[in-house]
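Coordinate inspection notes
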Amino acid sequence: MKKFENFAGSLKVLSNADRKATYKDEIYRTGVIGQFNLTFELAWKALQETLRLHGVFAAENGSPREILKLGFAHNFIDDESQWLLMLKSRNLSVHIYSEVDAEKLIAEIFETYIPAFNRFKTLLQAKIAEIES
């Protein structure tokens, strides 16, 4: 499934980011935040596609928030509040103008969001395997 593969590839790039470099290099920090945004975008789109393949017709259309709520309701994501917080972080990331806010987001990405993406990847792999078997 192409959307899942794109998500997994983006997550790999994000996971390989060097957290220490984000403290030293503004461009690197901006790149990590951008990669987080891309990974999030690909994650909810992969979720939407997988939900549709599982016959969740409500996933045909919808905002990221609606798709995340459907994903939680159908056990495709494990922590609705964390994913909604990720959505909020993604939406606010384009309005980060201070070092303090950037460093806070970087900490959330490494400490909370990457682990959540990894759990999601494992869960979605299992849901995709159900379709393929």
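Residues numbered from 1 in each chain as written. Predicted model: local features only at pLDDT ≥ 70, side-chain atom pairs only at ≥ 80, totals over all residues. Heavy atoms only, no water.

**Points about the overall build of the protein chain**
Counting its regular elements, the protein chain contains six helices and zero strands. Element order for the protein chain, N to C, with α for helix and β for strand: α-α-α-α-α-α. For the protein chain, whose C-alpha radius of gyration is 15 Å, the value lies close to the compact-globule estimate of 14 Å for 133 residues. With respect to the principal axes defined by its C-alpha atoms, the protein chain has extents near 45 × 25 × 20 Å. (Helix = DSSP H or I, 4+ residues; strand = E, 2+ residues; numbered from the N terminus. Rg over C-alpha atoms; globule rule 2.2 N^0.38 Å.)

**A few points about the packing of helix α3 (residues 26-53) against helix α6 (residues 99-132)**
Following both chains from N to C, one finds α3 and α6 inclined at 25°, their axes separated by 10 Å at the closest point. The orientation of α3 relative to α6 falls into the category roughly parallel. Relative to α6, the crossing made by α3 is left-handed. (Axes fitted to C-alpha atoms, helices over the stretch in contact; angles between N-to-C directions. Parallel < 35°, antiparallel > 145°, perpendicular 65-115°, else oblique. Left-handed = near helix turned anticlockwise from the far one by under 90°.)

**Examining α6**
With 34 residues, α6 extends 46 Å from end C-alpha to end C-alpha; this agrees with the ideal 50 Å at 1.5 Å per step. Taken as a whole, α6 carries its principal kink of about 45° at Ile109. (Expected span 1.5 Å × (residues − 1). Bend = angle between axes of the 7 residues up to and from the residue.)

**Quick look at unusual backbone geometry**
Among all residues save glycine, negative phi is the norm, and among peptide bonds the norm is trans. Of note in this structure, Asn75 is not a glycine but carries a positive phi near 60°. Its place among the elements puts Asn75 in the loop between α4 (64-73) and α5 (80-92). Look at Asn75 and you get exposed, because its relative accessible area is 53%. (Buried < 20%, exposed > 50% of the residue type's maximum accessible area, 1.4 Å probe, protein only.)

**Examining the environment of His54**
Positionally, His54 belongs in the loop between α3 and α4. A relative accessible area of 29% places His54 in the partly exposed class. Measuring from C-alpha to C-alpha, the distance between His54 and Ile128 comes to 8.8 Å, with 74 residues separating the pair along the chain.

**Some words on the packing of α4 against α5**
In helix packing, the relevant descriptors are the interaxial angle and the interaxial distance, both defined with respect to the helix axes. One way to put it is that α4 packs onto α5 with a least axis distance of 10 Å and a crossing angle of 165°. Our classification of the angle between α4 and α5 gives roughly antiparallel. Where α4 crosses over α5, the handedness of that crossing is right-handed. Across the interface between the two elements, Pro64, Arg65, Leu68, Lys69 and Phe72 of α4 pack against Glu80, Trp83, Leu84, Leu87 and Arg90 of α5. (Contact = heavy atoms within 4.5 Å.)

**As for the confidence of the model for the protein chain**
Summing up the model confidence of the protein chain, the mean pLDDT is 94 and the portion of residues at 70 or higher is 100%. When mean pLDDT is taken per element in the protein chain, helix α1 (residues 2-15) scores highest with 97 and helix α2 (residues 19-24) scores lowest with 92. (pLDDT = per-residue confidence, 0-100.)

**As for the environment of Glu5**
When you line up the elements, Glu5 lands in helix α1. The spacing of Glu5 and Leu42 is 37 residues in sequence and 9.3 Å in space, taken between C-alpha atoms.

**Thoughts on the environment of Ile106**
Within the secondary structure, Ile106 is located in helix α6. Assessed through its relative accessible area of 1%, Ile106 is described here as buried. Sequence separation between Ile106 and Asn16 is 90 residues; the distance between their C-alpha atoms is 14 Å.

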